[in-house]
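Listed here are the chains, written in short residue letters.
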Amino acid sequence: MYNKKRNAATLSFNQPKFGPTPIWDSNGITIANQSIVGSNPKAIFVSTNNTIYVANRDDNTVVMWQEESIDRTKIIRGNFTRPWSLFVTSNGDIYIGDGEKNGRVQKWIAETNIFVTVMNVDSSCYGLFVDINDTLYCSMYNHHQVTKRSLNDSLMTSTRVAGGTGINGSASNQLFNPTGIFVDVNLDLYVADCSNDRVQLFQLGKSNAITVAGNTSLNSTITLFCPSGIILDAEKYLFIVDNNNHRIVGSSLNGFRCLVGCYGMGSQSNQLKKPFSFSFDRSGNIFVTDQDNHRIQKFLLMKDSFALSFNRPKFCSTATWNSNGITFANQSIVGEYPVSIFVNANNTIYVANRDSNTVVMWQEKSVNPTKIISGNFKGPASLFVTSNGDIYIDDGYEDGRVQRWIAATKTFVTVMNVNSFCTGLFVDINNTLYCSMSDYHRVVKRSLNDSLMTSTRVAGGTGISGSASNQLNSPVGIFVDVNLDLYVVDYDNERVQLFQSGESNGITVAGRASLNPTITLNYPTGIILDAEKYLFIVDNNNHRIVGSSLNGFRCLVGCYGEGSQSNQLSGPFSFSFDRSGNMFVTDQENHRIQKFQYYEESCGKFRIIE
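Residues numbered from 1 in each chain as written. Predicted model: local features only at pLDDT ≥ 70, side-chain atom pairs only at ≥ 80, totals over all residues. Heavy atoms only, no water.

- As recorded by an unreviewed UniProt entry, the protein chain carries the name NHL repeat containing protein-like protein and is attributed to Adineta steineri.

The structure is reproduced here in structure tokens:
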């Protein structure tokens, strides 16, 4: 049994401490299907020892199993009817909503294997919670309020109101079909207020709530559609099941963002259909009751907090590369004038062949391409690959669009309409797509979580060429860091501009008019930031790659003038790192991809973020 003196460390459920921008694999794993958890599963709970509990509403059982186990380890049968919610305390007691027909909450006592009634209710409990003071909360969907009673009080009539008036409404003291609930260690109550499309916070002792997410929130960075589940992590970031938007969203320093289920309603591995509740395991993986798909989905927390699909090695200020490159692919493979390359986190290399309008893919250790993707795009100037293998490719030159090749279905869809080709593409950690429109002197963006194709906004530049801080002149390569700061290679201004999140005026961080002009750029085209925020730039007309350090910029490769020798480049356009820090460059006018080996000893033991 819980006691009043226990602290957050002894909670029965997991509240992981994530980094500032945790990311999960967008493709879920089905760990239980309808044969195990029944149709339309609602309630799930993962304990601190990674025991998973799911209420099977078809046969009125609670199914239990260890996360690592394939088979159910225990099935508990009771006389409850179609439960909506459950909660497990640290001693293994299970509280289960049995209000739909029987008007009660039952407790299964682990020590004796028997059920007892612990609360009388007038409605189904769509959410249950036991706080650190051993108080039981029930979210009464049909009665528009949350009630509570102390389990230390022997009187069954000791139920009190925790939030809501019992009359549906949208005032600060009202609720409209409350569902999931969460009570933190300060005894503040968070309520998923489904039909008001918001999350309400009732601070201890207050009858008027504060809207912390969704409709009428003071910081409305996301639109909710019937939220149904809610969890706070150890840092008080809010995670919400956005039921009718078929996704899980989470808060961060920069507002809310979609975490999983970000590809619309469906039954694919990267989709959900009416998810209802969720829980974390000890490692921060997400377990979701994917209701209308009749399954439990597990989404793995990416080990790297950047969870980026590309590599950002952790270099030192004196990092060096072999000056002699190896021709990794020639014109017969990548065509004439290759401009776009992407190396993902598992060292798969993607290059757009503009002659054949294909994307060529191969593993770094392979001599020959392992896959060639043909599409109806024309002369692509850029590409970007996300962690689930989806490829975003420029198709703006003739068709005015950005296309996405969906790895799960191997089909193309249009994801952005543009007025010109995109000389740079990027997808940030919030699933926002950026296009660098060289002909229109600006960078535009649109959230891929927004179903409206007209949701494109300006991310940098005015659309009129110029050299003022808010202007660009033929922007090319772009990079967005985890703080959502946008770096733009401003080609004709021969500089790199930094547009901090929410700012329309850029800061010149390299090249002409920089505050620290330690290098002269000649029509730069590509850019990457490493894990230490050192800046790497393709200096196109100087035929080299340069990088920043503690003492300013220096030449890294292609430092021997324009040419076709192994230590030379001719019109390089873009580049990418592999996991080991080796550099892959599209050596445009030599019609080849050059690989420059990173010297690990230049920084001591090479470090990569784990």
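**Focus on the sheet that holds strand β46 (residues 552–557)**
Okay, step 1: Overall, antiparallel pairing links the four strands, which are arranged β43-β44-β45-β46 in an open sheet. Each edge of the open sheet carries a strand with a single partner, namely β43 (526–529) and β46. Neighbour-to-neighbour, the strand axes of this sheet turn through a mean angle of 25 degrees, independent of strand direction.
Okay, step 2: Both strand β44 (residues 535–539) and strand β45 (residues 544–549) contribute to a ladder of four bridges, which runs antiparallel. Looking at β45, one finds that F536 is bridged to G547. (Pairing = 2+ DSSP bridges. Helix = DSSP H or I, 4+ residues; strand = E, 2+ residues; numbered from the N terminus. Axes fitted to C-alpha atoms, helices over the stretch in contact; angles between N-to-C directions.)

**Brief notes about the state of the cysteines**
Okay, step 1: One pass over the full model with this rule turns up six disulfides.
Okay, step 2: Between the sulfur atoms of C258 and its disulfide mate C262 the distance is 2.1 Å. Across the S-S bond linking C258 and C262, the dihedral sits near -105 degrees, which makes this disulfide left-handed. Here C258 and C262 have matching classes, each one buried.
Okay, step 3: The partner cysteine of C422 in its disulfide is C435, sulfur to sulfur 2.1 Å. Taking the torsion about the S-S bond as the criterion, the C422 to C435 disulfide, at about -100 degrees, is left-handed. Of the two residues, C422 is situated in strand β35 (residues 422–427) and C435 in strand β36 (residues 432–437); the sequence distance between them amounts to 13 residues. (Disulfide = S-S within 2.5 Å. Buried < 20%, exposed > 50% of the residue type's maximum accessible area, 1.4 Å probe, protein only.)

**Section: the side chain of Q497**
Okay, step 1: Structurally, Q497 is set in strand β41 (residues 495–499).
Okay, step 2: At a separation of 2.5 Å, a polar atom in the side chain of Q497 contacts the side chain of T508. (Polar contact = N/O pair within 3.5 Å; in protein donor to acceptor, adjacent residues only side chain to side chain.)

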